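Each chain, written out:
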Amino acid sequence: METILLNKEQHVATITINRERALNALSTQVLTELDQTLDQVDADRDIYCVIITGAGSKAFVAGADIAEMKDKNAEQAAEYGAFGNAVFRKIETFRCPVIAAVNGFALGGGCELAMSCDIRLASDQAVFGQPEVGLGITPGFGGTQRLARLVGAGIAKEMIYTARNMKADRAYAIGLVNALYPSEELMAAALKMANGIAKNAPIAVANAKRAINDGLQGNMDEGIAIEVKEFGACFDTEDQTYGMTCFLEKAKEKNFANK
Ligand code: CO8
């Protein structure tokens, strides 16, 4: 792949958007290769957590590729938007957690990519924003939906209507970002969190992810019904018996089988 790097270490896959000369902007090629890489990682059942980051120290992703978008008509733009949305939805519903390690500009499609991940860790130099209305378009890769769900409608509307960039400390204050780190410590922190997640029972983590995501779509009764189903399903796994036995036997080390 030309625009995506994939690295696997133990149970963690790191996907790097690698188009540094254009600040990792999401061209059709980048989105296509990202989509294929996600399928590749999905097929590798030894991967229990994924990190997505951008190449270089300047940008996570500076948005969809403006040069490529400029001459599209309405139909072509809708098609492009639908494709980007499908890739981001694949991330959001990915079978294991996905952490965004936001190492710089996360603008437009870059902010939307980060928001499709389960958890956002960022460099204290990162910059977030939805600048689309300044380009004559709306956010088109899920920004109008996920931003309001993450930070509330008021701040989402402020960000989208003003098109102003937001520094990392405010992104942290509004809950868009889980934690900030000095740039040089970001990847180590993301790996540490990913490895910590990967140590837990993978099926239970996946069930919890589905319960949270699916539960957010409905009312509390529907959400509780989803939780009951996912919780119950854990008791069909070897990992549940093993995890509880380890606790009762005061085992020092655990090594879940993902079964
Ligand atoms: N698309 C294409 N090229 C880009 C993009 C982009 N989004 N961002 C940066 N680049 C390119 C620049 O054109 C430049 O290329 P070149 O060297 O050939 O001139 C190179 O990357 C470096 O960028 P700058 O020289 O601009 O670097 P600066 O440090 O001066 O500025 C910024 C950095 C502030 C990040 C600036 O590059 C910028 O504002 N970029 C655009 C940010 C933006 O507006 N992003 C939103 C795009 S729209 C979007 O994401 C919508 C998503 C949904 C689409 C749905 C489609 C239907």
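In this text, all values refer to a predicted model and were calculated from it rather than measured experimentally. (Residues numbered from 1 in each chain as written. Predicted model: local features only at pLDDT ≥ 70, side-chain atom pairs only at ≥ 80, totals over all residues. Heavy atoms only, no water.)

Asker: What exactly am I supposed to notice about the site of the ligand here?
Answerer: Among the 24 residues in the neighbourhood of the ligand, the closest are listed as Lys58, Ala62, Ala64, Ile66 and Gly109. In this structure, Lys58 approaches the ligand through a side-chain N or O atom, which is 2.6 Å from an oxygen atom. Interatomic distance of 2.9 Å between a backbone N/O atom of Ala62 and a nitrogen atom of the ligand. Coverage of the ligand by the protein chains reaches 63% of its 1100 Å² of free accessible surface. With three residues, helix α3 (residues 74-92) is the largest single contributor of residues to the shell around the ligand. Here the shell around the ligand is built from residues that sort into 14 nonpolar, five polar and five charged. (Near = heavy atom within 4 Å. Polar contact = N/O pair within 3.5 Å; in protein donor to acceptor, adjacent residues only side chain to side chain. Areas by Shrake-Rupley, 256 points an atom, 1.4 Å probe, with all protein chains shown as cover. Helix = DSSP H or I, 4+ residues; strand = E, 2+ residues; numbered from the N terminus. Nonpolar A, V, L, I, M, F, W, Y, C, P; charged D, E, K, R; others polar.)

Asker: How do you make sense of unusual backbone geometry when you look at a structure like this?
Answerer: Note: most peptide bonds trans; most residues except glycine with negative phi. With a phi angle near 50°, Gln10 is a residue other than glycine that sits in the positive phi range. One can find Gln10 in the loop between β1 (4-9) and β2 (12-17). We note that Asn258 has phi near 60°; this positive angle belongs to a residue other than glycine. Mapped onto the secondary structure, Asn258 falls in the segment after α11 (238-248).

Asker: I keep staring at the sheet that holds strand β4 (residues 59-61) and nothing clicks. Help me out?
Answerer: Note on sheets: strands pair through backbone hydrogen bonds, and any given pair is parallel or antiparallel. Here four strands make up an open sheet; going across it, the order is β4-β6-β8-β9 and the pairing mixed. Each edge of the sheet is formed by a strand with only one pairing partner; in this case those strands are β4 and β9 (166-167). As paired strands, strand β6 (residues 105-107) and strand β8 (residues 127-129) are joined by three bridges and run parallel to one another. Within β8, the residue paired with Ala106 across the bridge is Phe128. Relative to β4, helix α4 (residues 109-116) is tilted by about 75°, and along the sheet it contacts β4, β6 and β8. (Pairing = 2+ DSSP bridges. Contact = heavy atoms within 4.5 Å. Axes fitted to C-alpha atoms, helices over the stretch in contact; angles between N-to-C directions.)

Asker: Would you mind going over the sheet that holds β2 with me for this structure?
Answerer: Spatially, β1-β2-β3-β5-β7-β10 is the arrangement adopted by the six strands of the open sheet, whose pairing is mixed. The open sheet has two free edges, formed respectively by β1 and β10 (179-181), since each of these has just one partner strand. Sheet twist, expressed as the mean angle between neighbouring strand axes with direction ignored, is 20°. Two elements, strand β5 (residues 98-102) and strand β7 (residues 119-123), share four bridges in a ladder whose sense is parallel. Bridge pairing links Ala100 to Arg120 in β7.

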